[in-house]
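A closer look at the structure
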Amino acid sequence: MVCSRWYVLRKTIYRHRAAVAAAGIVLTASVTAAIVSTNFWYQSERDRDRLATAVTELERQHAETVEALERATLSERLARDRLDEMTTFARDKLAELRESLGPEHNVTLKSMYDLSMLLKRQGALAEVEAIAREAVEIYEQRLGREHVITLRLIGGLASILQDQDQLEEAEALFRECLDTRRRTLGEDDPATLVSMNNYGSFLNRVNQPAKAEIVLKDCLERRRRLLGESHASTLS
């Protein structure tokens, strides 16, 4: 009886084999689609989790960046306010010293220098230039134009003029410092080499590379010979 039923079933399947095959294909496709859909769902869930984690991390980093910028801005504002206060104090102090001690007193000159450094940090180069010119005039009258202190102040004035693009006068002063030190101190004196470096750097800045190379190469060779290859001045 069982065999008869199995025989009938086989005959039926064989007779309708095309329909059975089609049904098998449909079933296989359905199962495959279900598997793919399930995998896609899991993958989508993982992608959503990763995206959520990435967004959370970006939000955290953004918050930290904003906080750091706010701290930096506050710190900068406080530093600027403090600098303004210090400059006002130095200006008032210099005015008092000019009146009580005179403009040529050493304490007054030191106060002039302190004020010029504060003004330079603020970018008030015109005021710095005025103070530098006054200091050069005072020391020239007191010590002479070729004194080491006067020459140092002249070199400082040249740098200030360079920063303001007053290049013609700046070059003349750089050149004066170098020529005077060569004549009074010698070619190999450290102060002379500083002037050589300053003048060469100036020439390079004003697009005179050929002249700058000659001066700077001479300065470097002398420093190598006098100070050695590893000395800070040679390396700079």
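This text follows the structure it describes.
Below you will find a few notes about this structure. (Residues numbered from 1 in each chain as written. Predicted model: local features only at pLDDT ≥ 70, side-chain atom pairs only at ≥ 80, totals over all residues. Heavy atoms only, no water.)

**Description of the packing of helix 3 (residues 106-122) against helix 4 (residues 125-143)**
Viewed as axis vectors pointing N to C, helix 3 and helix 4 meet at an angle of 155°, and their least axial separation amounts to 9 Å. If you check the angle between helix 3 and helix 4, you find them roughly antiparallel. Handedness of the crossing formed by helix 3 with helix 4: left-handed. Here N106, L109, M112, L115, S116, L119 and K120 of helix 3 come into contact with helix 4, specifically with L125, E127, V128, I131, E134, A135, I138, Y139 and R142. Each residue belonging to the contact of helix 3 with helix 4 can be placed in one class, and the counts come to ten nonpolar, two polar and four charged. (Axes fitted to C-alpha atoms, helices over the stretch in contact; angles between N-to-C directions. Helix = DSSP H or I, 4+ residues; strand = E, 2+ residues; numbered from the N terminus. Parallel < 35°, antiparallel > 145°, perpendicular 65-115°, else oblique. Left-handed = near helix turned anticlockwise from the far one by under 90°. Contact = heavy atoms within 4.5 Å. Nonpolar A, V, L, I, M, F, W, Y, C, P; charged D, E, K, R; others polar.)

**What about the packing of helix 7 (residues 190-205) against helix 8 (residues 209-227)?**
Put simply, helix 7 and helix 8 touch, their axes get as near as 8 Å, and they point 150° apart. Between helix 7 and helix 8, the crossing angle belongs to the class labelled roughly antiparallel. Here helix 7 runs over helix 8; the crossing is left-handed. Contact residues: helix 7 offers L193, V194, M196, N197, Y199, G200, S201, L203 and N204, while helix 8 offers K211, A212, V215, L216, D218, C219, R222, R223 and L226. Split into classes, the residues belonging to the contact of helix 7 with helix 8 amount to ten nonpolar, four polar and four charged.

**Let's talk about helix 7**
Between the first and last C-alpha of helix 7 there are 23 Å, a value that for 16 residues agrees with the 22 Å anticipated at 1.5 Å per step. All buried positions along helix 7 are accounted for by T192, L193, S195, M196, Y199, G200, F202 and L203. In the core, the buried residues of helix 7 are packed alongside helix 5 (148-163), helix 6 (167-185) and helix 8. With a side-chain oxygen lying 2.9 Å from the backbone nitrogen of A191, the N-terminal cap of helix 7 falls on D189. Directly beyond the C-terminal end of helix 7, a positive phi value near 65° is found at N207. (Expected span 1.5 Å × (residues − 1). Buried < 20%, exposed > 50% of the residue type's maximum accessible area, 1.4 Å probe, protein only. Polar contact = N/O pair within 3.5 Å; in protein donor to acceptor, adjacent residues only side chain to side chain.)

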